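Listed below, chain by chain, are the residues.
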Amino acid sequence: MSPVWINLSYLVSAIFFILGLKGMTRPKTAVRGNLYGSLGMLIAVIATLLAAEVVSYVWIIVGVLVGGGIGTYFAITIKMEKMPEMVALFNGFGGAASVFVAGGDLWLRGALPPESMSTSVIFSTALAGIIGAVTLTGSLIAFGKLAEFRFIKKLKPLPGQQVINGALAMLLVALTAVMVNNPGSGWYWLIVLIALALGYLLTISIGGADMPVVIALLNSYSGLAAAATGFVLGNSVLIIAGSLVGASGLILTQVMCKAMNRSLPAVLFGSLGPAADGPSADEVYTNVKSTSADEVAMLMEVASSVVIVPGYGMAVAQAQHAVRDLTNMLRERDINVTFGIHPVAGRMPGHMNVLLAEADIPYDLLKEMDETNSEIEQTDICLVIGANDTVNPDARTNPNSPIAGMPIINADKAKTCVVIKRSLSPGFAGIPNPLFSADNALMLFGDGKQAVNDIIAAIKEG
Amino acid sequence: MSPVWINLSYLVSAIFFILGLKGMTRPKTAVRGNLYGSLGMLIAVIATLLAAEVVSYVWIIVGVLVGGGIGTYFAITIKMEKMPEMVALFNGFGGAASVFVAGGDLWLRGALPPESMSTSVIFSTALAGIIGAVTLTGSLIAFGKLAEFRFIKKLKPLPGQQVINGALAMLLVALTAVMVNNPGSGWYWLIVLIALALGYLLTISIGGADMPVVIALLNSYSGLAAAATGFVLGNSVLIIAGSLVGASGLILTQVMCKAMNRSLPAVLFGSLGPAADGPSADEVYTNVKSTSADEVAMLMEVASSVVIVPGYGMAVAQAQHAVRDLTNMLRERDINVTFGIHPVAGRMPGHMNVLLAEADIPYDLLKEMDETNSEIEQTDICLVIGANDTVNPDARTNPNSPIAGMPIINADKAKTCVVIKRSLSPGFAGIPNPLFSADNALMLFGDGKQAVNDIIAAIKEG
Amino acid sequence: MHTLLALEEKVGTVSETIADAAAAIQQSQSLVLVSGLTIFMLAVFLGIELIAKIPPTLHTPLMSGSNAISGITLVGAILASGTDHGGFATFLGFLAVVMATVNVVGGFLVTHRMLQKFKR
Amino acid sequence: MHTLLALEEKVGTVSETIADAAAAIQQSQSLVLVSGLTIFMLAVFLGIELIAKIPPTLHTPLMSGSNAISGITLVGAILASGTDHGGFATFLGFLAVVMATVNVVGGFLVTHRMLQKFKR
Ligand SMILES: NC(=O)c1ccc[n+]([C@@H]2O[C@H](COP(=O)([O-])OP(=O)(O)OC[C@H]3O[C@@H](n4cnc5c(N)ncnc54)[C@H](OP(=O)(O)O)[C@@H]3O)[C@@H](O)[C@H]2O)c1
Ligand SMILES: NC(=O)c1ccc[n+]([C@@H]2O[C@H](COP(=O)([O-])OP(=O)(O)OC[C@H]3O[C@@H](n4cnc5c(N)ncnc54)[C@H](OP(=O)(O)O)[C@@H]3O)[C@@H](O)[C@H]2O)c1
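Residues numbered from 1 in each chain as written. Chains lettered and ligands numbered in written order. Predicted model: local features only at pLDDT ≥ 70, side-chain atom pairs only at ≥ 80, totals over all residues. Heavy atoms only, no water.

1. Concerning the overall build of chain A
We apply this condition: Helix numbering and strand numbering both begin at the N terminus, where a helix is a DSSP run of H or I of at least 4 residues and a strand a DSSP run of E of at least 2. Atoms counted for the radius of gyration: C-alpha only. Globule rule: 2.2 Å times residue count to the power 0.38. Partly exposed residues are those whose accessible area sits between 20% and 50% of the maximum for their type, while under 20% is buried and over 50% is exposed, using a 1.4 Å probe and protein chains only. What makes two residues a contact is simply this: any of their non-hydrogen atoms within 4.5 Å.
Looking only at helices and strands, one finds 19 helices and six strands in chain A. A compact globule built from 462 residues should have a C-alpha radius of gyration of about 23 Å, and chain A, at 25 Å, falls within 12% of that. Along the three orthogonal principal directions, the C-alpha set of chain A runs to about 85 × 50 × 35 Å. Going through the 462 residues of chain A one by one, you find that 57% of them count as buried. Of all intrachain contacts in chain A linking residues separated by at least 6 positions in sequence, the fraction that spans at least 24 positions is 78%.

Below, the structure is given as structure tokens:
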């Protein structure tokens, strides 16, 4: 195909990306939106394969088969609660691809006359390398944190890390300037190396309540890296698709910041230190009252309103179907059941919604945090299933807590609060939760799914 | 300035246009939005003046002074109720400018080597000429209709006009094809002439309830004409600004179609014919009951809820300040006052909102049609001030009416309906209104402002 | 003769280069069209998204404000009337400048006047 | 001599033309950059407007779907690995193709899987 036709195909593909993103903003059209997006990708890929520059297909075919196979395998076999990790990993791959594409282009330009090395192209190459590399290591660390790998937890931020990060950023700026004046692959790979280190350092120090923000930000970066690659290649569809994703990630980042009551700079450069002055678990858990499924069933039978607060533990326990059965059962008995969805419950923005939708729980029972909180004091039972940080009253009351200021679901203000989890071990942020020893709180220890099924059985019997 | 810098300035100017349009979508930011828009224009104009192609400034300066003077004069002196006409006229000027710019460019290209006449450029030239010319005559006719010039009313659509329009459109397509193969100013001006005729014919046959749609559509056309000119000149800021306006006009057109319960094709190619089978005024007005300001005042004093339905006549009478005084007076007496705003009351979409805002009537009293209709049966008094077509129950009940199907404010369903107007003469659509002889309707004949002031005086006395 | 031959050869390669350059230029002309279309597409989508949320209150100011923006043809008018080639093009350009300026200046001003009323 | 002179003259004008063409090409290169920036700007604004209205329910699918779209780098990867110049660039291109394809295929598929649950 001639360049003009290829570019027209890219135009069509960009239209599909736009329609796709637009579709993804409404539940009704989301499936179609995703299909539009993949159609846009297909068109762009086919047009590129027909470009005059593409002469040898062997490695492309091998690469697509290998990549497609891996992608398909993971996409089909992954469990829904593991999905956040996988998306983070894929995101990192996208960043890596940008690094390699920009590097390859630079290498090819080395063989061309120097005019092809215009300042803007070299600058874009450096930018693609930097953003791509930061995305890569940042996403890998996020992946590790989401998967809760032990060794990731052991990696501690260096002392004076702010200063190191600042120095690395300055170094990158300087090296970019050098490379623009003196284009060469050597400088490029040096830049990439440093950016990899920067991505690692930036992400390793962020934890607890701030991770959702970082995940959204990395999403945005992978788009920006693609857009920068688009400037390198002078390719409009890369620029459009990349900046659409970059912008949408930015909006999500902002939404997450608002949900967490954080400012973006505070997340990126915020106070580190593991909040050494927080109370220890032993101090906090002095008054823990354990309960049984039978007792919970009895409480439910006389309740008129129940709010269920799901958290990451519900996902781990795969308890969502059991929860649906419990919900149906209670509703048949004219008990008013709603769900209080914290914006960052789970391991990815909106994670709980996906899980509950999977179990066919009707949308209209799902309430956002603010709505739940406005009614919680009139609620008879707040049933917390595998949530922890998102119901931790420390966020509200203890200004030294690592999650201080994060809005929470005020489970402690319900008339009775029942918490289902396996032990007193902490949640993602790694801090104890005073809710568990509150006067109106009862702990139902056990696996989430098992515990819910026990309650169902007890209600049936009772 | 070098082309690159000029194009960068255009980029900045485009950003301001986008921010401007974005700002104009919220009352709080609208003033700033408009300023952003004019700033964008200033940047674009200055950058262009510094372009290498621009060598003689005399005619530019004279033109800007003359145009700026005329524009300023009209913008400052025009009365708010005449604004729709003026906007329509300005819109036509925009279309004319596109025609001339494309024509001038074509003439200049005549002196250049034939390569400069690429197919796409010539095609865009023809397109700019066509859309610009249709915008010009269409807007002039709309101007005439909005200003309610006598002679415009006398201009009747030709018999078989649909066929003629179709033929002209085909002719334009054919001539464009000819011109692309054989570029020349002669063909261009022929195309423009035919397009002028087409614009006239398309608009002259549209009347009554369909005018709001046409006005929004012409707004969109003026943008599209500018965008086409952008393709002629290869100028991105023209393309961006033009298509932003084109798209926004299209959305407004759709909004108006929905508000009028019309489909766009039905408006453009719809049934013409002056609905000869409608009842005559004499048949309709058999039971008209006239009332006095004193009687209305007495009714108001015992009412607990009043809905005011303003129409174009309120604008003509400049009654909005009197209406505000009446509103305040009634509210002081604990009477619940709201305004029922029909989407096409007045002569331009949203016209009534501007007039009422001018008189400092609080936003929150202004209700949209649907909300008003849902409460109208519980309303004690519906006070119609200078509205006619927008409260004509024929639209609901008489399928042969020229305004059949248009949603109206159901003033006839209020407990009592008081209509203020000067006579029984018809509104914009030129048809009689059965509301005026409804059993629960009372006519208060007189100038809008005077009548409202009389009511105020009567209430004060009573 | 040697020089002559060399020269002729040079002319040969040179003509080729020119042909290449011409092809490149034509190519880039078409690409300008495509990027124009891309920009057009994006701006249309953007315009739709921007305006989709507009409340009825602002319909009139939006129409008059966006109408003023469509007076951007003024840029084209300046280009047409400012060239030195003069004559008919300058005349057309002058007319266009007048009309576009009326549209721009009048449009922004009257919109401003209207919107003043919306400020509280 | 006559021919020689004419030829030399020709070479002269020809060189000028070439210089002109080169300047034009460079110019158009910069303009490609500017139009790239324009496209970037429009797409960013459009992305912001498109996503601004997204409900929390769809945050996860949006992230994974948009992540798949960012795998558009695949296009660049294909260009890098498909050239004939081979060697290092092909190797880098191959790596990029693998990673981008994982991102694209995995991303769209897993999004589809998730969204299936939202259908009623
Ligand atoms: N949503 C996002 O975008 C996102 C992204 C990254 C990080 N995060 C972070 O993740 C956290 C989310 O809070 P969350 O309240 O949803 O969860 P959480 O604080 O991570 O706590 C999950 C709880 O579930 C329990 N659990 C685990 N497996 C279980 C099982 N099989 N049965 C029953 N309980 C089980 C665990 O306690 P036991 O071990 O005692 O059972 C744990 O305390 C926040 O800190 C948030 O900042 C969120
Ligand atoms: N909004 C838009 O976008 C737009 C655009 C174009 C056309 N239109 C059309 O305009 C019409 C708008 O309907 P409408 O109900 O607002 O108005 P209307 O149907 O045009 O009626 C206006 C009424 O006001 C009365 N009036 C005029 N001057 C008056 C004065 N000084 N004091 C008191 N009354 C006075 C007139 O009756 P008297 O002469 O007896 O006083 C007339 O019946 C619709 O047909 C619509 O389709 C609207």
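2. With respect to the interface of chain A and chain D
Put simply, an interface is often sized by how much accessible area is lost when its parts join up. Short version of the rule: What counts as buried area is the accessible surface, traced by a 1.4 Å probe, that two parts surrender upon association, with contributions from both included. Whenever Lys or Arg places a side-chain nitrogen within 4 Å of a carboxyl oxygen from Asp or Glu, that contact is recorded as a salt bridge. Any pair of N or O atoms that falls within 3.5 Å is considered a polar contact. Within protein, one atom must be able to donate a hydrogen and the other to accept it, and sequence-neighbouring residues count only if both atoms are side-chain atoms.
On the side of chain D, 77 residues touch chain A, which itself brings 100 residues to the contact. Both faces combined, the contact of chain A with chain D buries some 7,700 Å², and carbon together with sulfur accounts for 80% of it. The interface formed by chain A and chain D includes zero salt bridges. Our count for the chain A to chain D interface comes out at twelve residue pairs in polar contact (both at pLDDT 80 or more). Elements with a minimum of two residues in the side of chain A that touches chain D: helix 1 (3-23), helix 2 (30-49), helix 3 (58-77), helix 4 (83-110), helix 9 (211-233), helix 10 (236-260) and helix 16 (351-358) of chain A.

3. Quick look at the site of ligand 1
All names here are of chain A. Quick note on the threshold: Whether a residue is near a molecule or strand is decided by its heavy atoms; if any one of them lies within 4 Å of it, the residue is near. Calculation of accessible area relied on Shrake-Rupley with a 1.4 Å probe; when residues are assessed, cover is drawn exclusively from the protein chains displayed. Here the nonpolar group is Ala, Val, Leu, Ile, Met, Phe, Trp, Tyr, Cys and Pro; Asp, Glu, Lys and Arg are the charged ones; every other residue, Gly included, is treated as polar.
Among the 32 residues in the neighbourhood of ligand 1, the closest are listed as V344, N388, D389, T390 and S423. Here an oxygen atom of ligand 1 sits 2.8 Å away from a polar atom, N or O, in the side chain of S423. The contact in question runs from a nitrogen atom of ligand 1 to an N or O atom on the side chain of D447, over 2.9 Å. Contact with the protein chains removes 97% of the 920 Å² of surface that ligand 1 exposes when unbound. Per element, the largest residue contribution to the shell around ligand 1 is four residues, and it comes from helix 14 (residues 312-317). Counted by class, the shell around ligand 1 contains 15 nonpolar, twelve polar and five charged residues.

4. Side note on helix 9 of chain A
Residue and element names in this part refer to chain A. As a reminder, the rule being used: Expected helix span is computed as 1.5 Å times (number of residues minus one).
With 23 residues, helix 9 extends 33 Å between its outermost C-alpha atoms, agreeing within 8% with the 33 Å of an ideal straight helix rising 1.5 Å per residue. Of all 23 residues in helix 9, 20 are buried, a share of seventy percent or more. Where helix 9 terminates, the next one or two residues include G234, which has phi positive at roughly 60°.

5. Examining the pattern of salt bridges
Using the criterion set out here, one finds 18 salt bridges over all chains in the structure. Of the charged contacts, one joins K367(A) and E371(A) as a salt bridge, the two residues approaching to 3.9 Å between their closest N and O atoms. Residue E49(D) is joined to K53(C) by a salt bridge in which the shortest nitrogen-to-oxygen separation is 2.8 Å. Separated into two different chains, E49(D) in helix 1 (residues 2-51) and K53(C) in the loop between helix 1 (2-51) and helix 2 (59-69) make up a pair that spans both. You can call E49(D) buried: its relative accessible area is 2%.

6. A few points about the interface of chain A and chain C
Listed per partner, the contact involves eleven residues of chain A and ten residues of chain C. For the chain A face of the interface with chain C, the top three residues by lost area are V4(A), L11(A) and I18(A), together amounting to 42%. When the shortest N-O distance is used, the salt bridge between K22(A) and E49(C) registers 2.4 Å. Between chain A and chain C we count one residue pair in polar contact (both at pLDDT 80 or more) in total. Here the side of chain A that touches chain C takes ten residues from helix 1 of chain A, the largest share from any one element. Here the side of chain A that touches chain C is composed, by residue class, of nine nonpolar, one polar and one charged.

Note that all results are geometric; they support no functional claim without further evidence.
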